[in-house]
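Structural characterization, general
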Amino acid sequence: MLEMVEVDAYYGSENSLILESSAKMSKTCMSRVAASESDRKRWRKRSVLIAAISAVVGTFILSFLTWFSFQRRKIRTGSEVENEDMELPLFDLVTVTSATENFSCANVIGEGGFGPVYKGILPDGQEIAVKRLSKYSGQGVQELKNEIVLIDKLQHRNLVKLLGYCLEREERMLIYEFMPNTSLDYIIFDSSRKASLAWKSRFEIAMGISRGLLYLHQDSRLRIIHRDLKTSNILLDSDMNAKISDFGLAKIFTGDQVEGKTKRVIGTYGYMSPEYAVDGKYSVKSDVFSIGVIILEIVSGRKNRNFHHLEHHHNLLGHAWLLWTEGKALELTDECLKESCSESQVLRCIQVGLLCVQKLPEDRPTMASVVFWLGNEGLVLLQPKKPGFFIERNSMESIESTDEGYLTNNVSISILEPR
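Residues numbered from 1 in each chain as written. Predicted model: local features only at pLDDT ≥ 70, side-chain atom pairs only at ≥ 80, totals over all residues. Heavy atoms only, no water.

Along its length, the protein carries 11 helices and 14 strands. The proportion of buried residues among the 419 residues of the protein is 46%. Within the protein, contacts between residues separated by at least 24 positions form 68% of all contacts whose residues are at least 6 apart in sequence. For the protein, the computed accessible surface area is about 22900 Å², with 55% contributed by carbon and sulfur atoms. (Helix = DSSP H or I, 4+ residues; strand = E, 2+ residues; numbered from the N terminus. Buried < 20%, exposed > 50% of the residue type's maximum accessible area, 1.4 Å probe, protein only. Contact = heavy atoms within 4.5 Å. Areas by Shrake-Rupley, 256 points an atom, 1.4 Å probe, with all protein chains shown as cover.)

In this section: the environment of Leu379. In this structure, Leu379 sits in the loop between helix 10 (367-375) and helix 11 (395-399). C-alpha of Leu379 to C-alpha of Arg348: the two residues are 31 residues apart in sequence and 9.2 Å apart in space. Ignoring anything within four residues of it in the chain, the contact list for Leu379 reads Phe372 and Trp373.

What follows deals with the packing of helix 7 (residues 284-300) against helix 8 (residues 316-325). Interhelical geometry of helix 7 versus helix 8 gives an angle of 70 degrees and a closest axis separation of 10 Å. Classified by the angle between their axes, helix 7 and helix 8 sit roughly perpendicular to one another. Together, Phe289, Val293, Leu296, Glu297 and Ser300 of helix 7 and Leu316, Leu317 and Ala320 of helix 8 make up the contact between the two elements. Of the residues belonging to the contact of helix 7 with helix 8, the class tally is six nonpolar, one polar and one charged. (Axes fitted to C-alpha atoms, helices over the stretch in contact; angles between N-to-C directions. Parallel < 35°, antiparallel > 145°, perpendicular 65-115°, else oblique. Nonpolar A, V, L, I, M, F, W, Y, C, P; charged D, E, K, R; others polar.)

Moving on: unusual backbone geometry. Not every positive phi belongs to a glycine, and Met240 is a case in point at roughly 65 degrees. Summarising the element assignment, Met240 is placed in the loop between strand 7 (234-236) and strand 8 (242-244). In this structure, Asp246 is a non-glycine residue whose phi angle is positive, near 65 degrees. Position of Asp246 among the secondary structure elements: in the loop between strand 8 and strand 9 (251-253). Asp246 sits in the buried class, given a relative accessible area of 6%.

The subject of this paragraph is the sheet that holds strand 2 (residues 116-121). In spatial order, the strands read 1-2-3-5-4; together these five strands make up an open sheet with antiparallel pairing. Pairing within the sheet leaves two strands with one partner each, and these edge strands are strand 1 (108-111) and strand 4 (162-168). If you compare each strand with its neighbour and ignore which way they point, the axes differ by 25 degrees on average. Note that strand 1 and strand 2 share three bridges and pair antiparallel. Counted as the bridge partner of Val108 is Tyr118 from strand 2. Relative to strand 5 (residues 171-177), helix 3 (residues 141-152) is tilted by about 30 degrees, and along the sheet it contacts strand 3 (127-132), strand 4 and strand 5. (Pairing = 2+ DSSP bridges.)

With the rule as written, the count across this model stands at two cavities of 30 Å³ or more. Considered as a void within the structure, the largest cavity measures approximately 90 Å³ in volume. Along the walls of the largest cavity sit Arg227, Asp228, Leu229, Gly267, Thr268, Tyr271, Met272, Ser273, Tyr276, Ser286, Asp287 and Ser290, which together make up its complete lining. Looking at the lining of the largest cavity element by element, the count peaks at three residues for helix 7. (1 Å grid on protein atoms, 1.4 Å probe; cavity = no way out; pocket = protein on both sides within 12 Å on 5 of 7 lines; lining within 4 Å. Points joined across faces, edges and corners; volume = space filled by probe spheres on them.)

Here we come to the side chain of Glu177. The residue Glu177 is located in strand 5 in this model. From its side chain, Glu177 meets the backbone nitrogen of Lys161 in a polar contact 2.8 Å long. Here Glu177 is in contact with Ala129, Leu159, Val160, Lys161, Leu163 and Lys243, once residues within four sequence places are set aside. (Polar contact = N/O pair within 3.5 Å; in protein donor to acceptor, adjacent residues only side chain to side chain.)

Counting 78 residues, the largest nonpolar core has Leu184, Ile209, Phe247, Leu296 and Ile350 as the members making the most contacts within it. For this core, the element with the most residues is helix 5 (residues 199-219), which contributes 10 residues. Ignoring sequence-local partners within four residues, the contact set of Leu184 consists of Leu197, Ile205, Ile209, Thr231, Ile234, Leu236, Ile294 and Ile298. By size, the runner-up hydrophobic cluster in this structure holds 13 residues, among which are Phe91, Val96, Ile128 and Val130. (Core = buried A, V, L, I, M, F, W, Y, C linked by side-chain atoms within 4.5 Å.)

What follows deals with the side chain of Thr268. As for its placement among the helices and strands, Thr268 is situated in the loop between strand 11 (264-267) and helix 6 (274-279). One polar contact links Thr268 to Lys230, side chain to side chain, over a distance of 2.8 Å.

Before going further, it helps to spend a moment on the pattern of salt bridges. Summed over all chains, the structure comprises 13 salt bridges. For Glu127, the salt bridge identified is with Lys119, shortest N-O distance 3.1 Å. Residue classification places Lys119 among the partly exposed residues on the basis of a relative accessible area of 28%. Lys230 serves as the salt-bridge partner of Asp228, at 3.6 Å between the closest nitrogen and oxygen. As far as burial versus exposure is concerned, Asp228 and Lys230 are alike and both buried. Bridged by salt links that share partners, the residues Lys131, Glu147 and Asp246 form one connected network. (Salt bridge = Lys/Arg side-chain N within 4 Å of Asp/Glu carboxyl O.)

Moving on, we get to a nonpolar patch on the surface. Judged by side-chain polarity, Leu49, Ile53, Val57, Phe60, Ile61, Phe64 and Leu65 come together as a nonpolar surface patch covering roughly 700 Å² of accessible area. Topologically, Ile53 is positioned in helix 1 (residues 2-80). (Patch = residues over 30% accessible without salt bridge, like charges linked within 9 Å, V, L, I, M, F, W, Y side chains within 5 Å.)

That is the geometry; function is a separate question.
See the structure below:
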């Protein structure tokens, strides 16, 4: 009996050991299962994180490659400037730098919204004018490209000739034929120089500008709206022939288009038509307004923008209109011309000028009419209506005006000063 008890005790204890061992194994297996499940969860989280990071990095790389490709294409396009349609030579920077004596200040012959203009001499002795885009220019690369493409397609004796261009490193330059008598404003608005420009020359200049503008509006294969016609953009060659320059702001009309509109109104105070300055609308009649201002400035030797009078505060256009309605139009004539001018020609120029600057675009003539009227004496012309901007300024505005941009009906207007 004692042996049986001992055996039972032995087997009982062994069973206990077995049960304990089984329990431990079970716990170990459960722990391993739990650990394995935790590892799988961590792996899944890591996989999701890696996938997310890869997607972000991939998107960034793809975006960068797209941007880089676009920039390369943009730079290539900018440097070529639609070269496939052009025959203009590309000047290298070394040649232009040498021609202008390293862009010496002594060679500066003009300054505008675009940047400085330098006189240069090429190795073969040809004189050139180099228009260099300033880093702080009111205009930009797009305007420069616009001018290159446009002038390359235009050929007329009253348009300035573009010889070539230079687009190298950060430099953006246009190379023109040199105009020894500079610009119209340089002569007619200077008290000492204006006397050298007799009435016959002034009349021929008015005719030349009109013919050039008629070509742009009607006779060229492109219908061009200049949008920045002013006396500083009229250059004079050695024979005092007028040549229209600066096509950076010009627009091309296609098909039956007769009018355009922009929110970015850029021009020069005193030459912009009312509908363009206020509403951003431009057409051939906008240029007609500008040439009307120029014709009145040629006759008077006075600038529309800075004009002031002791008896009123109108601009030059308003003054010319008042004299016309009072039958005193000849009083507008520049003092240095009164002994030598043809009164009939002067009166006709004043009348044509006033017809061009009428307030409403539909009242203004076409350039074909302007050229015909100026070139034919004895014609009975229409009576002009009130000019645009016929409103008196206050006394300070009539004596001096600012160069700052201003807002009109929420249209931003940038005023670019003439060279």
